Amino acid sequence: QVQLVESGGGLVQPGGSLRLSCAASGSVRSIYAMGWYRQAPGKQRELVATITSGGSTNVADSVKGRFTISRDNAKNTVYLSMNSLKPEDTAVYYCNVRYSSPYGPAYWGQGTQVTVSS
C-alpha cells in the first residue's frame, strides 16, 4: 500500500504562484508515473500533468506554459509549480500514483485546495 502526502495548497491572488508537493511512501517500487489531477466544484476531475519515472510528461493544454511538473525519484516526490494562476485554476488538486504501466493500478492522495482569488 502506498501513502501519499500532499502539501502546498492555499489562497493566492490572480497572477501568483504556488508549488504543490506529493511524497509517496510505503510501496514505492514499480511506480510508473506520478501526477496531478484537479476537480473544481460541479465539474469532473481532470488531468493537470503527469510524469513517468523516465521523465516523460503529459501536461493539459489549459496549463501549458504556466505549470511545470517535476519529480525527484530518490525522494519519491512529485512537484507541481504553478505560475500565472487564474481564478479558473481554483480546484482541489489530487496527487495520483500509477503502478507498473500506463494502465496499472492507481492511487489517490487526499487532495489539497488551491484557491485563486483577489
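Residues numbered from 1 in each chain as written. Predicted model: local features only at pLDDT ≥ 70, side-chain atom pairs only at ≥ 80, totals over all residues. Heavy atoms only, no water.

Some remarks on the environment of Ser62
(1) Moving on: Mapped onto the elements of the fold, Ser62 is located in the loop between strand 6 (57-59) and strand 7 (67-72).
(2) Moving on: Measuring from C-alpha to C-alpha, the distance between Ser62 and Glu88 comes to 9.8 Å, with 26 residues separating the pair along the chain. (Helix = DSSP H or I, 4+ residues; strand = E, 2+ residues; numbered from the N terminus.)

Some words on the sheet that holds strand 8 (residues 77-82)
(1) Moving on: Sheet architecture is open: four strands sit in the order 1-3-8-7, paired in antiparallel fashion. The sheet is open, and its two borders are formed by strand 1 (2-7) and strand 7, each paired with just one other strand. Shown here is a sheet whose adjacent strand axes are inclined to one another by a mean of 15 degrees, direction ignored.
(2) Moving on: Bridging between strand 7 and strand 8 involves six bridges; their strand directions are antiparallel. Residue pairing in the sheet places Phe67 in a bridge with Met82 of strand 8. (Pairing = 2+ DSSP bridges. Axes fitted to C-alpha atoms, helices over the stretch in contact; angles between N-to-C directions.)

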